[in-house]
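Next come the chains, spelled out residue by residue.
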Amino acid sequence: MSDQNPYEKLGVSEEASFDEIQDARNRLFEQHIGDAKHLEVIEAAYDAILMDRLRMRQEGKIKVPERIRFPELRVQSPPKESPTPREQSPAWLQRMLDQPTPADILLPGAWFLGLSSISLFYPEGGQQVLQLALVVGVGTSIYFLNRKEGKFGRAVLFTLISLIIGLIAGGLVAGWLLPQISFITLGTNQFSTVVTFILLWLVSSFLR
């Protein structure tokens, strides 16, 4: 192979176009992946052909496309720095947030919507019904969270935290808001239960 000229080493004629030469080089590289000796011979032949074409271009015998880079002109361009967004959420938050499918949003939403309807339209005196609805809501949230990652303990923890926050926040908001809206006949427990269901739905849909 050492007695062959560069064109023969690449398997192309001296009249081959630059695209044909490039294709031949790439094809041989694929054929001899892992063979450092062959790859070195192929690259040397390719460089020799480019040098020959450069000489011919300087003599005015051929016209070389601008996209061709000759060996002595090859310069490693510095890697471009990927622009980083100015505002990026913390890594811990990205690990917690999920990108749910429509089913991951709508299915829990249907459950919590039904539980919220029961809580809203049931008389205020029915505390047992509200408690039962909350128990079902907690179980629903644990189920959908556990279904995503298969981490039962994590699902229970997030659900209980959401339950406590929802009940406390709902009670505080209800104590401030309901007296100002006379046409709403909801009781404090009903309002806080609905707020809790909304929070449980958000957690079970958008957390992992």
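Scroll up to find the structure this text is about.
Residue indices follow the written sequence of each chain, beginning from 1 at its first position. Two thresholds apply to this predicted model, a pLDDT of at least 70 for residue-level local features and 80 or more for giving and counting side-chain atom pairs, whereas whole-chain, interface and lining totals are computed over all residues. Values shown for side chains rest on all heavy atoms present in the structure; no hydrogens or waters enter the calculation.

Caption draft 1: Local environment of the overall build of the protein chain. Helix and strand assignments come from DSSP, with helices taken as H or I runs of at least 4 residues and strands as E runs of at least 2, each series counted from the N terminus. When helices and strands are counted, the protein chain shows 8 helices and 0 strands. A 1.4 Å probe rolled over the protein chains alone gives each residue an accessible area, and that area as a share of the maximum for its type sets the label: buried under 20%, exposed over 50%, partly exposed in between. When each of the 208 residues of the protein chain is scored for burial, the buried share is 31%. Only heavy atoms enter the contact rule, under which two residues are in contact if any of them lie within 4.5 Å. Within the protein chain, counting contacts between residues at least 6 apart in sequence, those at least 24 apart form 64% of the total. Surface summary for the protein chain: the accessible area is close to 13900 Å², and the carbon and sulfur share equals 61%. Per-residue accessibility takes into account occlusion by the displayed protein chains alone, with areas from the Shrake-Rupley method and a 1.4 Å probe.

Caption draft 2: Broad picture of the packing of helix α7 (residues 152-177) against helix α8 (residues 188-206). Only the stretch in contact is used when a helix axis is fitted, and all axes are lines through C-alpha atoms; the angle between N-to-C directions ranges over 0 to 180 degrees. It is the contact of α7 with α8, at a shortest axis distance of 7 Å, that shows an interaxial angle of 140°. Relative to α8, the element α7 lies oblique. Crossing of α7 against α8: the hand is right-handed. Listed contacts from α8 to Phe158, Thr159, Ser162, Leu163, Ile165, Gly166, Leu167, Gly170, Gly171, Val173, Ala174 and Leu177 of α7 are Thr188, Phe191, Ser192, Val195, Thr196, Leu199, Leu200 and Val203. Note on terminology: angles under 35 degrees are roughly parallel, angles over 145 are roughly antiparallel, angles of 65 to 115 are roughly perpendicular, and the others are oblique. In a left-handed crossing the near helix is turned counterclockwise from the far helix by less than a right angle, and in a right-handed crossing that turn is clockwise.

Caption draft 3: Layout of the side chain of Glu43. The topology assignment puts Glu43 in helix α3 (residues 36-58). There is a polar contact of 2.9 Å between the side chain of Glu43 and the side chain of Arg25. Between N or O atoms, a polar contact is any pair within 3.5 Å; within protein, one atom must be a potential hydrogen donor and the other a potential acceptor, and residues adjacent in sequence are included only when both atoms are from side chains.

Caption draft 4: Expanded view of the environment of Thr101. Considering the arrangement of structural elements, one finds Thr101 in the loop between α4 (91-96) and α5 (102-121). Classification of Thr101 by relative accessible area gives partly exposed; the value is 40%. Separated by 105 residues in the primary sequence, Thr101 and Phe206 place their C-alpha atoms 9.7 Å from one another.

Caption draft 5: Structural context of a nonpolar patch on the surface. Patch rule: a residue counts if its relative accessible area is over 30% and it has no salt bridge; like charges are joined within 9 Å, and nonpolar side chains (Val, Leu, Ile, Met, Phe, Trp, Tyr) within 5 Å. In the sections that follow, a salt bridge refers to a side-chain nitrogen of Lys or Arg positioned within 4 Å of a carboxyl oxygen of Asp or Glu. On the surface, Leu107, Trp111, Leu132, Val135 and Val136 cluster together into a nonpolar patch covering about 470 Å² of accessible area. Of all the secondary-structure elements, those providing two or more residues to the nonpolar patch are α5 and α6 (127-149). A per-element tally of the nonpolar patch places α6 first, with 3 residues. Relative accessible area serves as the criterion here: at 38%, Leu107 is assigned to the partly exposed category.

Caption draft 6: Layout of α6. Taking 1.5 Å of rise per residue, the 23 residues of α6 would be expected to cover 33 Å, and the 34 Å separating its terminal C-alpha atoms lies within 8% of that figure. Listed in full, the buried residues belonging to α6 are Leu130, Ala133, Leu134, Gly137, Val138, Thr140, Ser141, Ile142, Phe144 and Leu145. Among the structural elements, α5, α7 and α8 are those in contact with the buried residues of α6. One or two steps after α6, the chain reaches Gly150, where phi turns positive at roughly 70°. A helix is expected to span 1.5 Å for every residue after the first.

Caption draft 7: Quick look at the pattern of salt bridges. A complete count under the given rule lists 4 salt bridges for this structure. A salt bridge links Glu43 to Arg25; the nearest nitrogen and oxygen atoms lie 2.9 Å apart. Placement of Glu43 in helix α3 and of Arg25 in helix α2 (residues 18-31) is noted, with a sequence separation of 18 residues between them. Both residues of the pair, Glu43 and Arg25, belong to the buried class. Arg55 serves as the salt-bridge partner of Asp52, at 2.5 Å between the closest nitrogen and oxygen.

Caption draft 8: Broad picture of the packing of aromatic side chains. Stacked, edge-to-face and tilted are the three classes for Phe, Tyr and Trp ring pairs, Trp counted by its six-membered ring, which pair at centre distances within 6.5 Å; planes under 30 degrees apart are stacked, over 60 edge-to-face, the rest tilted. Applying the stated criterion across every chain yields a total of 3 aromatic pairs. Judged by centre distance (6.1 Å) and plane angle (40°), the ring pair of Phe112 and Phe197 falls under tilted. Of this pair, Phe112 sits in helix α5 while Phe197 sits in helix α8, and the two are 85 residues apart along the sequence. Residue Phe112 is classed as buried on the basis of its relative accessible area of 3%. Residue class for Phe197 comes out buried when judged on its relative accessible area of 0%. Ring geometry for Tyr143 versus Phe144: centroids 5.1 Å apart, planes at 75°, classification edge-to-face. A relative accessible area of 48% means that Tyr143 is categorised as partly exposed. For Arg25, the ring lying beneath its charged end belongs to Tyr46, and the centroid distance is 4.8 Å. Whether a charge sits over a ring depends on NZ of Lys or CZ of Arg being within 6 Å of the ring centre and within 35 degrees of the ring normal.

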